[in-house]
Every structure is written in structure tokens, then in C-alpha cells.
Amino acid sequence: MIPISRFLSKDTALPQLSSTSVSKFLLLSAVLAGMVFRTWHLFFAPLDLPYHFGGLYAEFGQQIFERGFQLPERIPFYSEGGIPFAYPPLPFYVTAFLTGTLALPEVEVINMLPPFVGGG
């Protein structure tokens, strides 16, 4: 193995990394690794159907949109009499806005939104 000092003159100093730049690099690396880890399954899951509980969440967004962005008391079709709406509503408002108002494809929004907002 050839030492790096052989290629540097005696007056050349190697750059010193500050603890701030190392911290920034580690933080950026962790965020990027988390994004890859969080979205990895989407490369292998069929995106023509909602992933896991996505159908239920799509129905939440659709019910909110159909009611003029008012929260429903119950979500129909998932049990006799429906299930009570007892979830934090922000993700479903976002879904209703993206799929209802902006007319983005519902399945893609349901599959791609949770990893990017960290909710599911």
C-alpha cells in the first residue's frame, strides 16, 4: 500500500473537517438512508391497488371530500353500520385535497403519500 503522503509535498496539509460538517454529513446520510428504507417496499409492491390498509384510508379521504371537507362520523362499507371515524384527520384531509380537488390518481396518492410524510 502506497502512503498518501508520498503524493503530497511537505507543505501540503490535508483539509480538516469540522465537527459541524461531520454532523451535517451524518444527518444528511441518515435522512437519505431513512428515505430509501421507508420507500423501498414501493419498488416491489404492485401500485395498481392500495398497499396494506390503503383502501380504508382512500375511503376516509373520499368521504371527507364528498362531505365538503367535513369529517364523517362513520366510514361505511367496512363493517355493519360502518366504522367510527376516530383517526387524526390531517392525512385524510391531504388525501381528499390531492385526489378530489387536484384530481391526482387515488392509488398513487395512497401508496406514495405515507412514506413522504412519515405517517404510515
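Please read these numbers as outputs of a predicted model, since none were measured by experiment.

**Q** Sorry, what's going on with the nonpolar core here?
**A** If you look at soluble globular proteins, the nonpolar side chains tend to sit buried side by side. Core analysis: the largest hydrophobic core is formed by eight residues, namely Leu56, Phe60, Ile64, Ile75, Ile83, Phe85, Phe92 and Ala96. Contributions of two or more residues to this core are made by α2 (54-66) and α3 (90-101).

**Q** Looking at this structure, how should I read the packing of aromatic side chains?
**A** Two measures describe an aromatic ring pair: the distance that separates the ring centres and the angle between the ring planes. All told, the structure shown has eleven aromatic pairs when counted by the stated rule. Taking 6.4 Å as the distance between ring centres and 65 degrees as the angle between the ring planes, the aromatic pair formed by Phe85 and Tyr87 counts as edge-to-face. Using a relative accessible area of 14% as the deciding quantity, one classes Phe85 as buried.

**Q** Please explain helix α4 (residues 106-117) as it appears in this structure.
**A** Each α-helix winds once per 3.6 residues, and so residues spaced three or four apart point in a common direction. Taking 1.5 Å of rise per residue, twelve residues should cover 16 Å, and α4 covers 16 Å from first to last C-alpha, within 8% of that figure. Along α4, the residues that are buried comprise Val109, Ile110, Asn111, Leu113 and Pro115. Residues of α4 that are buried in the fold lie against α1 (19-39), α2 and α3.

**Q** What is the right way to look at the environment of Thr99 in this model?
**A** Tracing the sequence through the fold places Thr99 in helix α3. In this structure the C-alpha to C-alpha distance between Thr99 and Ala58, which are 41 residues apart in sequence, comes to 9.1 Å. Ignoring any residue separated from it by four or fewer positions in sequence, one finds Thr99 in contact with Leu104, Glu106 and Val109. Among the polar contacts listed, one links the side chain of Thr99 to the backbone oxygen of Thr95, at a separation of 2.7 Å.

**Q** In this structure, what is going on with the confidence of the model for the protein? I would like to understand it.
**A** Interpretation of the predicted coordinates at a detailed level should be avoided for regions scoring low in pLDDT. Averaged over every residue, the pLDDT of the protein is 83; the share at 70 or more is 86%. No element of the protein has a lower mean pLDDT than α4, at 82, and none a higher one than α3, at 93.

**Q** Even after reading the chapter, I still don't get a nonpolar patch on the surface, so can you show me in this structure?
**A** A surface patch of nonpolar side chains, about 750 Å² in accessible area, is lined by Leu27, Leu28, Val31, Leu32, Met35, Leu47, Met112 and Phe116. Only α1 and α4 provide two or more residues apiece to the nonpolar patch. Considering each element in turn, the nonpolar patch owes the most residues, five residues, to α1. With respect to the secondary-structure elements, Met35 resides in helix α1. Relative accessible area serves as the criterion here: at 43%, Met35 is assigned to the partly exposed category.

**Q** Before we go on, may I ask you to explain the packing of α3 against α4 in this structure?
**A** Interhelical geometry of α3 versus α4 gives an angle of 145 degrees and a closest axis separation of 10 Å. Classified by chirality, the crossing of α4 by α3 is right-handed. Between α3 and α4, the contacting residues are Pro91, Val94, Thr95, Leu98 and Thr99 on the first element and Glu106, Val109, Ile110 and Leu113 on the second. Across the contact of α3 with α4, the residue classes break down as six nonpolar, two polar and one charged.

Thresholds applied
Residues numbered from 1 in each chain as written. Predicted model: local features only at pLDDT ≥ 70, side-chain atom pairs only at ≥ 80, totals over all residues. Heavy atoms only, no water. Core = buried A, V, L, I, M, F, W, Y, C linked by side-chain atoms within 4.5 Å. Buried < 20%, exposed > 50% of the residue type's maximum accessible area, 1.4 Å probe, protein only. Helix = DSSP H or I, 4+ residues; strand = E, 2+ residues; numbered from the N terminus. Phe/Tyr/Trp six-rings, centres within 6.5 Å; stacked < 30°, edge-to-face > 60°. Expected span 1.5 Å × (residues − 1). Contact = heavy atoms within 4.5 Å. Polar contact = N/O pair within 3.5 Å; in protein donor to acceptor, adjacent residues only side chain to side chain. pLDDT = per-residue confidence, 0-100. Patch = residues over 30% accessible without salt bridge, like charges linked within 9 Å, V, L, I, M, F, W, Y side chains within 5 Å. Areas by Shrake-Rupley, 256 points an atom, 1.4 Å probe, with all protein chains shown as cover. Salt bridge = Lys/Arg side-chain N within 4 Å of Asp/Glu carboxyl O. Axes fitted to C-alpha atoms, helices over the stretch in contact; angles between N-to-C directions. Left-handed = near helix turned anticlockwise from the far one by under 90°. Nonpolar A, V, L, I, M, F, W, Y, C, P; charged D, E, K, R; others polar.

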